[in-house]
Amino acid sequence: MIHARQLTKFYADLRRGRFVALDQISFDALPGKIYGLLGPNGAGKTTALRILSTTLRPNSGTATVNGFDVTTQPALVRRQIGFVSANTAMYDRMTAWEMVEYFGRLHGMQNQLLRSRMEELFDRLQMNEIRDLLGSKMSTGMKQKVSIARAIVHDPPVVIFDEATVGLDVLVARALLKTVAELREHGKCIVFSTHIMREAEKLCDRIAIIHRGSFLAEGTLKELCDRHEQPDLEELFFQLISQHDEAHAINK
Amino acid sequence: MNWNNVKLIFMREVRDQLRDRRTLFMIFVLPLLMYPLLGMSILQVSQFLREQPTKVLIINLPQLTDLPSLVIDDHFDPQWLSDPRQQRLFELLFPGQEHAPSANPDGQISADLAKHAIQNGDYQAAVVFPADFAKQLTHFRSSLRQHSSKTSTDGQLEAAVPNPVIYCNTANEKSHLAYTRLNTVLRSWAEAVAKQNLKDSQLPEEVAQPFEFKQADVAGAEQRTAAMWSKILPFVLLLWALTGAFYPAVDLCAGEKERGTLETLLCSPAQRSEIVTGKLFTVMVFSVMTSVLNLASMGITGDLVISHLPSSDQAVHLGMPPLVSQLWLLLALIPVSALFSALCIALAAFARSTKEGQYYLMPLVLVTLPLVILPMGPGMELNLGNSLIPLTGLVLLLRSLLEGNYLSALPYVPLVVGVTLLCCLMAVRWAVEQFNKESVLFRESERLDVGLWLRHLLRDRADTPSVSEAFFCAVLILLIRFFMTFAMQVPETFADFGRLVVVSQLVVILTPALLMTVMLTRSPRQTLLLRKPAWWTIPSAALLAIALLPALRLLQLAVEQLYPASPVVQESLHSLEQAPNFWMPLLLVAFVPAVCEELAFRGFILSGFRHLGHKWWAIILSSLIFGVTHMLLQQSIVACVVGAVIGYIAVQTGSIFPAMAFHFAHNGLLLAVMQFQNSPLVQKLTRPLADGAEFIYDWWLVGLGCVVAGILLALFAGLTYRKTEEEALQEAIEHQAAGVGA
């Protein structure tokens, strides 16, 4: 579904010179599975997902989403994905209903289909009370619900969540994770980035640990723990990160 | 482009703006409130000014019994005033009265005292009659009577009446006003005295003024109104169109970036061009609405206020602009707001935040205002040259249409519309470019540190220069060139000319380009296109230059017809005539520029612009800059065309040498034709124009040249050129867009 090969992205940074945000990342995410990107802040998760959503172009490497190339066919790729991130805010002066409807129409959905799909989504995500509420009056949790509805209104085969639980309280975060799991049941290919261990443990079928732009380890939870002889993800994560940092310090 | 998406985005943005209280206030409420309030305050202030009397000190008021008196009961006699009610406008004071300066011991008051009093602001004006004024006037009048009774024609009137003086301070508004008021009153009194004199001399009043020139205005009241409006309206219209476009544009681009909704939109299937177009239409709607509402509100309020102003009885009554004018304004408003909207969107897209966006208003106004004010200058009229200047042409056209000169204006309509549309397209393209740039979309604020930045430039340089480095090089060359023009004089001798060429080519053009190449790029060879081209391209390029010469000559003459050159331009060429031989000028005029200018413009600058992703944008931009460095408009236009051809050759062959060959052949040929103008060969191929000074090539030569040039250009077009990464990517994306459309 998503095949990323050797994705590299660097920025010109005044202080650090060429700053490599993403260093030859390769992975495959499959339908009906949740692929987790686990990493500390600034690891390159957002950069990777922005490349998949075509808002950034890789400096080298390729990625295909549902068979379309992210660099040369960005418009086609965007039809295949739903993207939810902390950076994709909702319009202040639009109601929940208008917002979801707007994006559904941008995806070229027909009136009848759009209506029935929206009714279903608003029921499923329990958004009927906020249907006519303006974005500016919504709480963070409400906004996140609208964002999800907006991202999946066109029933995309691929859904990408970038740090989607940031700033949500436990109840709302739990509901969001439940929604993500449901989407997996519906056969979606899901990429889920987070820096919270428990979310990755609970949710993801495969996990990649990313730090300073490169993958430190990749596999199912069990594979990872077995390979590195660690009892759980948190220990594993901490060990890998500190090892990498030490190596990095020595190299410098 | 999917118009459904454009419409969707447009509808959403309009609704969004209409829900924003700030926008509503700025666009609807402010104009509806501001002008009536402004009008009210003007009326209030004028009321205040009208009520305020001016204090006038009158010294040595003559007491004349046989003449109409100037002052009655401490007020001007109403018969000297155009309106008896004006009496209260003057507060007359006389020495010895309360508040008036006390008289000297001899009962007189000196003019100096009056001066001081005015300077201090105690009075607005003072009328000082000389002490013996009354006596001398009486004497004059009696001698006048004697003179006329004698009925002899000889004999002089011996008496001369000393002149009274009105003291005022023109640096002070009130005092100046007092002078104007006083002057009218005193003049009519003096006229009455003169009339009395004539009567006493038994002469008819008509002696002093036997006839009068009367004004006969052939313009009807309607035309006068139209002329009046045609000066004001275009300016106001453009100004409001710009203001109306700016704030929504900032909110729609920078604001959306700030609120984080832009990324949401960018992840949707809508393409960047659709997003920009949708936003463009939104901004246009608000620009048009702002302009129309402001004009309407201003017109109605202005009409009311002017009719209530005290001076309204003398001034032309303006009235509403005629209906046809309003129609023209509405029509012209559309391209104007389209242009401004596109410009504003591009600028606003570049801004990181709304605050940064607001900062860009000033530069935008500074660029557009001169173009709008230029046509207000006297003597500016609609002609071919002016109609090609963006905005200026439009204002002039609008003015002609408002004045009702349809027949003379209509031929320029396609030109003006074309130029405006072209500018508009370029601005839209620029805006889309902004939306395509990651660095613009995800700009983060960096600390400003010049040292760090310079180090970054040197450390992180690429093989070829970036777009902004190329642009900087161009600006640098232009700036040095500009300051050099003050240092260098028009050459008189050939040696001076040589020095001028060498300095301007080596120092102004080549040095910055070479220095920047060495410092800012990793591969000077690739930047300056120092590659071996296919062998045949060099002679072909030279041949192309020869083939294009007759056609370019026609273009040159056409340009000179449009924008006549000043004689100074020609002068610098005279020094060439003193050249010792043909080869020295050839070296200076053809060889040196071919090397220096090509390395700079087709080397560094073009290579930088190639990163834009479209070879034609790179070629056109670099040729525009090449044109501008020629400083003189007449040369610039032709240089632009030549630059575009050379740029195309450089891109297609990937080498600087064919470009140099073209440049050398072109300049060398121009020089040769000038030097050997009288030779039989040149005489045979050319024909003089009517004025004798200029010539064109025979038409068959022009035609043949164009055919040959066409073939050669086709040959160059057949070459596979080396694309930059950006160009390859753009091509792939366009391919995809075509796929989506199908």
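The structure displayed is predicted, hence computed values, not measured ones.

Caption draft 1: Spotlight on the overall build of chain A. Each helix and strand in chain A was counted, giving 9 helices and 10 strands. Looking at chain A residue by residue over its 252 residues, the buried ones come to 44%. For chain A, contacts bridging at least 24 residues in sequence account for 67% of all contacts bridging at least 6.

Caption draft 2: Just the overall build of chain B, in detail. Tallying secondary structure elements over chain B gives 29 helices and 8 strands in all. With the C-alpha coordinates of chain B rotated into their principal frame, the extents come out at 110 × 75 × 55 Å. Evaluated residue by residue, chain B yields a buried proportion of 34% over its 742 residues. Across chain B, every contact between residues at least 6 apart in sequence was considered, and the portion connecting residues at least 24 apart equals 77%.

Caption draft 3: Region of the structure containing the interface of chain A and chain B. Taken residue by residue, the interface counts 31 residues in chain A and 32 residues in chain B. Going through the elements one at a time, strand 2 (17-29), helix 2 (74-80) and helix 3 (96-106) of chain A are the ones with two or more residues in the side of chain A that touches chain B. Across the side of chain A that touches chain B, the residue classes break down as 14 nonpolar, 9 polar and 8 charged.

Caption draft 4: The sheet that holds strand 4 (residues 60-65) of chain A, seen in detail. Residues and elements named next belong to chain A. The antiparallel open sheet is built from 4 strands, whose spatial order is 2-1-4-5. Looking at the sheet topology across the chains shown, the edges are occupied by strand 2 and strand 5 (68-69). Alignment of strand 4 against strand 5, held across 2 bridges, turns out to be antiparallel. Considered in strand 5, the bridge of Thr-64 is made with Asp-69. Lying on the sheet, helix 1 (residues 45-52) is in contact with strand 1 (2-13), strand 2 and strand 4; it crosses strand 1 at an angle near 120°.

Caption draft 5: Summary view of the sheet that holds strand 7 (residues 158-162) of chain A. Residues and elements named next belong to chain A. With respect to topology, 6 strands assemble into an open sheet ordered 6-7-8-3-9-10, the strand pairing being mixed. The open sheet is flanked by strand 6 (81-85) and strand 10 (214-219), the only strands paired with a single partner. Each adjacent strand pair in this sheet contributes to an overall mean axis angle of 15°, direction not counted. Sheet topology note: the strand 7/strand 8 (residues 189-194) ladder contains 5 bridges and is parallel. Bridged to Phe-161 within strand 8 is Phe-192. This element, helix 6 (residues 170-185), spans strand 3 (34-38), strand 7 and strand 8 of the sheet and lies at about 155° to strand 8. Helix-sheet contacts for helix 9 (residues 233-251) involve strand 3, strand 9 (206-211) and strand 10, and the interaxial angle to strand 9 is about 30°.

Caption draft 6: Region of interest: the pairing of strand 10 of chain A. The pairing of strand 9 of chain A with strand 10 of chain A spans 5 bridges and is classified as antiparallel. Residue A:Ile209 lies in a different strand from strand 10 of chain A, and its bridge partner there is A:Ala217.

Caption draft 7: Helix 5 (residues 173-200) of chain B, seen in detail. The end-to-end C-alpha distance of helix 5 of chain B is 41 Å, a good match for the 40 Å that 28 residues give at a rise of 1.5 Å each. Trailing helix 5 of chain B by a residue or two, B:Gln202 shows a phi angle of about 55°, which is positive.

Reading the values: the criteria
Counting restarts for each chain: residues are numbered from 1 in the order of the written sequence. Whichever chain is written first is A, and whichever ligand is written first is 1; the rest continue in order. Reporting in this predicted model follows two pLDDT cut-offs: at least 70 for local features of residues, and 80 or more for side-chain atom pairs to be given and counted; totals over whole chains, interfaces and linings ignore these cut-offs and use all residues. Secondary structure follows DSSP: runs of H or I at least 4 residues long count as helices, runs of E at least 2 residues long count as strands, and numbering of each begins at the N terminus. With C-beta atoms placed from the backbone, the exposure class of a residue follows from how many other C-beta atoms lie within 10 Å of its own: 20 or more, buried; 12 or fewer, exposed; in between, partly exposed. The contact criterion used here is simple: two residues whose C-beta atoms, placed from the backbone, lie within 7 Å are in contact. Three residue categories are used. Nonpolar comprises Ala, Val, Leu, Ile, Met, Phe, Trp, Tyr, Cys and Pro, charged comprises Asp, Glu, Lys and Arg, and polar comprises the others, including Gly. Strand pairing is assigned whenever DSSP identifies at least 2 bridges connecting the two strands. Interaxial angles span 0 to 180 degrees and are taken between N-to-C directions of axes, which are lines fitted to C-alpha atoms, for helices over the stretch in contact. Any helix carries an expected span of 1.5 Å times its number of residues minus one.

The quantities given are spatial measurements derived from coordinates; they are silent on function.
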